[in-house]
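Each chain, written out:
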Amino acid sequence: MTTPLVNASKHEGVMVLELRNPPANTYSYEMMCQLDAHILDARMDESVHVLMLMGGGDKFFCAGADIAMLENANPHFKYNFCLHANETLCRLEQTPKLVIAAINGHCVGGGLEIALACDLRIARANAGKLGLPEVSLGVLPGTGGTQRLGRAVGRAKAIELMAEGTTFGVDEAKTLGLINAVLDVPAAGFRAAALEYARKFVPPAKASRAVGFIKRAVTTGVEVGLEQGLALERELQQRLFEGQDAKEGLAAYNARRPPQFSGK
């Protein structure tokens, strides 16, 4: 049986999607097809509240697209390969469940573009380098990097980082705002620590449906006008009001509210 290029496993409400193509976990069309299928499975699975992406091993999260594959491909394949990769990452970005990139090694080129399509990014301390150095190959970051990096760090900084082909460490990525949390654990303990972080967003710790709707409101809202964003926010809020989490949450809040704020 062929070894899967994306290994999916579930851990108490967290689906871990592990990119597996040693040594650098580079992605191919086949890997993106598998990742796409798992994203759809996670969407439809009510027992999955959070998705977590990581790389197999402890040296690489992902070093981007398989260069050898691209060297042997014709322009027609390359265009449609990039199109499908973009569609896959957009599906990941639009899925109404929190997605965490757990960066356990070098995360460069298309690897960082995958991480940028995730909602939160955590990394092991001193895990490796991050960056979009595609300019050194005479191309641009073509899996959403030119769009998502600018949204993450601002227009001028994004152009600087991509035009220079800069790579940088985890601490600088944290300073730039690309990393939300740095986990100071040994490589062997990173997976467990990352899962512990992810479980903060799984019931009963958090109302994961509300977290997913927050994601949807922000992800879409920043791309449209304020009026349209507020309309989406109202619709998503109404759906939450109609659900059990909001009923239980409001009841619990009222039960613990000090008497002076109860209106009685």
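*Asks:* Any chance you could explain unusual backbone geometry here in plain terms?
*Replies:* Where the residue is not glycine, phi is negative for most of them; where a peptide bond is considered, it is trans in most cases. At the junction of Pro22 and Pro23, the peptide bond is cis and its omega measures out at 5° in the coordinates. Secondary-structure assignment places Pro23 in the loop between β2 (14-19) and α1 (29-44). Here the bond from Pro203 into Pro204 is cis, since omega is 5°, no more than 30 degrees from zero. Locating Pro204 in the fold gives a position in the loop between α8 (190-198) and α9 (208-221). One non-glycine residue, Glu12, adopts positive backbone phi at about 50°. With respect to the helices, strands and loops of the structure, Glu12 is situated in the loop between β1 (6-11) and β2. Unlike most non-glycine residues, Asn25 shows phi in positive territory, near 55°.

*Asks:* Would you mind showing me how to read α9 here?
*Replies:* Spanning 14 residues, α9 covers 19 Å between terminal C-alpha atoms, matching the ideal 20 Å at 1.5 Å per step. Along α9, the residues classified as buried are Ser208, Val211, Gly212, Phe213, Lys215, Ala217 and Thr219. Taken together, the buried residues of α9 touch α3 (75-94), β5 (98-103) and α10 (226-241).

*Asks:* Would you mind showing me how to read the sheet that holds β1 here?
*Replies:* Either a parallel or an antiparallel arrangement is found when strands of a sheet pair, and the pairing is made through backbone hydrogen bonds. Pairing within the open sheet is mixed, and its 6 strands lie in the order β1-β2-β3-β5-β7-β10. The strands lining the two open edges of the sheet, one partner per strand, are β1 and β10 (181-183). Averaged over all pairs of adjacent strands, the angle between strand axes in this sheet comes to 25°, irrespective of strand direction. Summarising the sheet, β2 and strand β3 (residues 50-55) pair through 6 bridges and their orientation is parallel. Its bridge partner being in β3, Met15 is matched across the sheet by Leu51.

*Asks:* Sorry, what's going on with the state of the cysteines here?
*Replies:* Note on terminology: disulfide describes a covalent bond linking the sulfur atoms of two cysteines. Within the structure shown, the criterion is met by 0 disulfides. The closest cysteine sulfur to the non-disulfide-bonded Cys62 is located on Cys107, 7.3 Å from its own sulfur. For Cys62, a relative accessible area of 0% corresponds to the buried category. Residue Cys118 stays outside any disulfide, its sulfur separated by 8.9 Å from that of Cys107, the closest cysteine.

*Asks:* Could you clarify how one ought to interpret the pattern of salt bridges in this entry?
*Replies:* Any two side chains of opposite charge can pair, so long as their charged atoms come close to each other. Summed over all chains, the structure comprises 9 salt bridges. Residue Arg20 is joined to Glu18 by a salt bridge in which the shortest nitrogen-to-oxygen separation is 2.7 Å. You can call Arg20 partly exposed: its relative accessible area is 38%. Asp36 is paired through a salt bridge with Arg91; the nearest N and O atoms lie 2.6 Å apart. Of this pair, Asp36 sits in helix α1 while Arg91 is found in helix α3, placing the two residues 55 residues apart along the sequence. Of the residues examined, Arg91 reaches a relative accessible area of 26% and is grouped as partly exposed. Each of Glu18, Arg20 and Arg191 takes part in salt bridges that share partners, so that together they form one network.

*Asks:* I'm lost on the packing of aromatic side chains in this one. Help?
*Replies:* Working definition: an aromatic ring pair is given by the centre-to-centre distance plus the angle between the planes. For the coordinates displayed, the defined rule picks out 4 aromatic pairs. A ring pair is formed by Tyr29 and Phe77, whose centres lie 6.3 Å apart and whose planes are at 80°; its orientation type is edge-to-face. Here Tyr29 is found in helix α1, whereas its partner Phe77 is found in helix α3, with 48 residues between them in sequence. For the pair Tyr197 and Phe201, a centre-to-centre distance of 5.9 Å together with 65° between the ring planes defines the contact as edge-to-face. Residue Phe201 is classed as buried on the basis of its relative accessible area, which comes to 16%. Each residue in the set Tyr27, Tyr29, Phe77 and Phe81 is aromatic and connected to the rest through ring pairs, giving one cluster.

*Asks:* Would you mind showing me how to read the pairing of β1 here?
*Replies:* The side chains of a regular strand alternate, first on one face of the sheet and then on the other. The sheet contact formed by β1 and β2 spans 6 bridges and is antiparallel. By the bridge assignment for β2, His11 is matched with Val14. With antiparallel pairing between neighbouring strands as the criterion, β1 and β2 make up a hairpin whose turn holds 2 residues, including Glu12 at a positive phi of roughly 50°.

About the cut-offs
Residues numbered from 1 in each chain as written. Predicted model: local features only at pLDDT ≥ 70, side-chain atom pairs only at ≥ 80, totals over all residues. Heavy atoms only, no water. Helix = DSSP H or I, 4+ residues; strand = E, 2+ residues; numbered from the N terminus. Expected span 1.5 Å × (residues − 1). Buried < 20%, exposed > 50% of the residue type's maximum accessible area, 1.4 Å probe, protein only. Contact = heavy atoms within 4.5 Å. Pairing = 2+ DSSP bridges. Axes fitted to C-alpha atoms, helices over the stretch in contact; angles between N-to-C directions. Disulfide = S-S within 2.5 Å. Salt bridge = Lys/Arg side-chain N within 4 Å of Asp/Glu carboxyl O. Phe/Tyr/Trp six-rings, centres within 6.5 Å; stacked < 30°, edge-to-face > 60°.

So yeah, pure geometry; function would need other evidence.
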